[in-house]
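Architecture and fold: a report
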Amino acid sequence: MSQKNEKFGIGLLFGVFLGVVAGLLLAPQTGEETRKKILDSADDFKDQMNRISDKIKNEANEWVDKSKQFIDQKQDEAKEYAAKFKERAQEWKEKIEHKAEDFKDNLEENL
């Protein structure tokens, strides 16, 4: 969920909550009934905020897991590349050493 959508959703819920409270305060009922409805509305609002919070936490955890998997994959690829490079470097070293030995032998034969 994008940050813009989260802010909008929270603002919308808060606006609905304030509208319910205002409606309860202006409605013709006893004080006890009004207080009970306000408390019920506050509990509903709290439950909705907890659901939103849980959803945000779950999505954040999913992103963290995906990021870890991506990093692990790239580390494995880098290790594989480094191993191949090391192998090729060893091959080049051996070829150069062999060529140097051939050159040395040729030089000694011609002197």
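Residues numbered from 1 in each chain as written. Predicted model: local features only at pLDDT ≥ 70, side-chain atom pairs only at ≥ 80, totals over all residues. Heavy atoms only, no water.

**Overview of the overall build of the chain**
A count of helices and strands for the chain gives 2 helices and 0 strands. With the principal axes as the frame, the chain shows a C-alpha extent of 120 × 20 × 10 Å. Considering the chain as a whole, with its 111 residues, one finds that 7% of them fall into the buried category. Charge centroids of the chain, computed over 20 positive and 24 negative side chains, lie 7 Å from each other. (Helix = DSSP H or I, 4+ residues; strand = E, 2+ residues; numbered from the N terminus. Buried < 20%, exposed > 50% of the residue type's maximum accessible area, 1.4 Å probe, protein only. Lys, Arg positive; Asp, Glu negative; His and termini not counted. Charge placed at Lys NZ, Arg CZ, Asp CG, Glu CD.)

**Digging into the pattern of salt bridges**
A complete count under the given rule lists 5 salt bridges for this structure. Its salt-bridge partner being Lys84, residue Glu80 comes within 3.6 Å of it at the nearest N-O pair. Taken together, the positions of Glu80 and Lys84, both in helix H2 (residues 31-110) and 4 residues apart, correspond to about one turn of that helix. In this structure, the salt-bridge partner of Glu97 is Lys93, at a minimum N-O distance of 3.9 Å. Pair noted here: Glu97 and Lys93 are both in helix H2, with a separation of 4 residues, about one helical turn. (Salt bridge = Lys/Arg side-chain N within 4 Å of Asp/Glu carboxyl O.)

**Section: a nonpolar patch on the surface**
Taken together, the side chains of Phe8, Leu12, Val16 and Val20 make up a nonpolar region of the molecular surface, amounting to roughly 390 Å² of accessible area. The class for Phe8 is exposed, based on a relative accessible area of 60%. (Patch = residues over 30% accessible without salt bridge, like charges linked within 9 Å, V, L, I, M, F, W, Y side chains within 5 Å. Areas by Shrake-Rupley, 256 points an atom, 1.4 Å probe, with all protein chains shown as cover.)

**Section: the packing of aromatic side chains**
Under the counting rule described, the total for this entry stands at 0 aromatic pairs. Across the ring face of Trp63, the terminal group of Lys66 is positioned such that the distance to the ring centre comes to 5.6 Å. (Phe/Tyr/Trp six-rings, centres within 6.5 Å; stacked < 30°, edge-to-face > 60°. Lys NZ or Arg CZ within 6 Å of the ring centre and 35° of its normal.)

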